[in-house]
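Okay, here's what each chain looks like letter by letter:
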Amino acid sequence: MHQFPKDIGWIEVICGSMFSGKTEELIRRVKRAVYGKQRVQVFKPKVDDRYDETQVVSHSQLKLTSTPIERAEEIFYHLSPDTQVVGIDEVQFFGPEVVQVCEALAYRGVRVICAGLDQDYQGRPFEPMPQLLAVAEYVTKQLAICVVCGNPANRSQRLVSSEARVVVGAAGAYEARCRRCHLGEPTEATPPQTMELFD
Ligand SMILES: Nc1ncnc2c1ncn2[C@@H]1O[C@H](COP(=O)(O)OP(=O)(O)O)[C@@H](O)[C@H]1O
Ligand SMILES: Cc1cn([C@H]2C[C@H](O)[C@@H](COP(=O)(O)O)O2)c(=O)[nH]c1=O
Ligand SMILES: [Zn+2]
């Protein structure tokens, strides 16, 4: 059977605030690639152990098997020679070398799908995302819903008292807010809505 060679790969970046659906979108793309009989490997930073140590897990509990790594270069140790698609979640937790790693994979003919925060809790660009966005072929910016006013949210409001850039957490530690409702410093959580629409 004839197989057409795939000369060059590319980089896709899915960015946005927390709760905007980055991980869901990464999982959707990976699942479609698997339906398309592509050989896929998924990686995530070891530091992201909030829902599971090995699986990529969305806030809505969608799950994907992944390999946890500390440094982006470790992808090459784990990479199978026949892998056609590489997914990387929480890409903002890797150092600047993740950009070269993604580019090297793309030059090898791999489709690289990265998901990560474009802004930190203060609304500052979250390195290395700006550099990755600059070299990506495809960029998708996701938006959440602001829990204060209901408008599209592009920021992540920190709710726990810390000025460290990296503080791993989910609901309870962060909430989605629009630029008007976002504060550049930690604050109290928005009170919950009491409508009983879900079980
Ligand atoms: N304020 C919010 N706006 C939109 N979705 C939210 C919000 N809070 C919680 N969610 C849930 O988070 C899911 C997205 O989760 P996920 O893909 O893990 O987001 P991300 O990776 O961008 O943090 C949504 O489908 C929804 O179920
Ligand atoms: C804004 C912000 C977030 N983080 C952490 C919190 C979570 O562990 C991840 C983001 O996960 P998600 O899949 O996008 O929901 O990043 C952080 O360390 N510093 C920040 O400023
Ligand atoms: Zn708002």
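- Going by what an unreviewed UniProt entry lists, the chain is known as Thymidine kinase and is assigned to Stigmatella aurantiaca.
- What UniProt records for the chain under Subunit (unreviewed entry) is the sentence "Homotetramer."
- Per UniProt, the chain has the following entry under Subcellular location (unreviewed entry): "Cytoplasm".

1. Describing the pairing of strand β6 (residues 85–88)
Line of reasoning, step 1. Alternating residues of β6 divide into V85 and G87 and V86 and I88, and every residue in both groups is buried.
Line of reasoning, step 2. Bridge count for strand β2 (residues 40–45) against β6 is four bridges, and the pairing is parallel. Opposite F43, over in β6, you have I88 as the bridge partner.
Line of reasoning, step 3. Here β6 pairs with strand β7 (residues 111–117) via four bridges, running parallel. Bridge pairing in β7 places G87 opposite I113.

2. Let's talk about the environment of Q100
Line of reasoning, step 1. Along the chain, the position of Q100 falls in helix α3 (residues 97–107).
Line of reasoning, step 2. When its relative accessible area of 52% is taken as the criterion, Q100 is described as exposed.
Line of reasoning, step 3. On a C-alpha basis, the gap between Q100 and S17 in space is 24 Å, while along the polypeptide they are 83 residues apart.

3. Things to note about the coordination of the zinc ion (ligand 3)
Six octahedral donors around a metal ideally subtend angles of 90 or 180 degrees, whereas four tetrahedral donors ideally subtend 109.5 degrees.
Line of reasoning, step 1. All of the protein donors around the zinc ion (ligand 3) are C146 (SG), C149 (SG), C178 (SG) and C181 (SG); their distances to the metal are 2.3 to 2.4 Å.
Line of reasoning, step 2. Taken together, the four donor atoms coordinating the zinc ion (ligand 3) and their angles of 102 to 118 degrees define a geometry best described as tetrahedral.
Line of reasoning, step 3. One chain supplies every donor to the zinc ion (ligand 3), and in sequence these donors are spaced C-x2-C-x28-C-x2-C. Of this pair, C149 sits in the loop between β9 (144–145) and β10 (152–153) while C178 sits in the segment after β12 (174–177), placing them 29 residues apart in sequence.

4. Description of a nonpolar patch on the surface
Line of reasoning, step 1. Among the surface-exposed residues, V47, V166 and V168 lie close enough to one another that they form a single nonpolar patch of about 190 Å² accessible area.
Line of reasoning, step 2. Locating V47 in the fold gives a position in the loop between β2 and β3 (56–57).

5. Looking at the site of ligand 1
Line of reasoning, step 1. Surveying the vicinity of ligand 1 reveals 15 residues, the closest of which are F19, K22, E24, H59 and I145.
Line of reasoning, step 2. A distance of 3.1 Å separates an oxygen atom of ligand 1 from a polar backbone atom of S20.
Line of reasoning, step 3. Calculation on ligand 1 without its partners gives an accessible area of 580 Å², and the protein chains cover 75% of this total.
Line of reasoning, step 4. Those elements that provide at least two residues to the shell around ligand 1 are α1 (22–35) and β9.
Line of reasoning, step 5. Counting residues per element, the shell around ligand 1 draws most heavily on α1, which supplies three residues.
Line of reasoning, step 6. Broken down by class, the residue content of the shell around ligand 1 amounts to six nonpolar, seven polar and two charged.

6. Re the UniProt feature "binding site: ATP" (unreviewed entry) in the chain
Line of reasoning, step 1. The positions UniProt marks with the feature "binding site: ATP" (unreviewed entry) are G16, S17, M18, F19, S20, G21, K22, T23, D89, E90, V91 and Q92.
Line of reasoning, step 2. The buried category is assigned to G16, whose relative accessible area is 0%.
Line of reasoning, step 3. Once you skip the residues sitting within four places of it in the chain, G16 turns out to touch K22, G116, L117, D118 and Q142.
Line of reasoning, step 4. Locating S20 in the fold gives a position in the loop between β1 (10–16) and α1.
Line of reasoning, step 5. Among the residues examined, S20 registers a relative accessible area of 7% and is labelled buried.

Cut-off values and rules
- Residues numbered from 1 in each chain as written.
- Chains lettered and ligands numbered in written order.
- Predicted model: local features only at pLDDT ≥ 70, side-chain atom pairs only at ≥ 80, totals over all residues.
- Heavy atoms only, no water.
- UniProt positions renumbered as here; feature names shortened; annotations may be inferred.
- Buried < 20%, exposed > 50% of the residue type's maximum accessible area, 1.4 Å probe, protein only.
- Helix = DSSP H or I, 4+ residues; strand = E, 2+ residues; numbered from the N terminus.
- Pairing = 2+ DSSP bridges.
- Donors = N, O, S within 2.8 Å, 3.2 Å for Na, K, Ca; no water.
- Tetrahedral: all angles 85-135°; square planar, octahedral: opposite > 155°, others 65-115°.
- Patch = residues over 30% accessible without salt bridge, like charges linked within 9 Å, V, L, I, M, F, W, Y side chains within 5 Å.
- Areas by Shrake-Rupley, 256 points an atom, 1.4 Å probe, with all protein chains shown as cover.
- Salt bridge = Lys/Arg side-chain N within 4 Å of Asp/Glu carboxyl O.
- Near = heavy atom within 4 Å.
- Polar contact = N/O pair within 3.5 Å; in protein donor to acceptor, adjacent residues only side chain to side chain.
- Nonpolar A, V, L, I, M, F, W, Y, C, P; charged D, E, K, R; others polar.
- Contact = heavy atoms within 4.5 Å.

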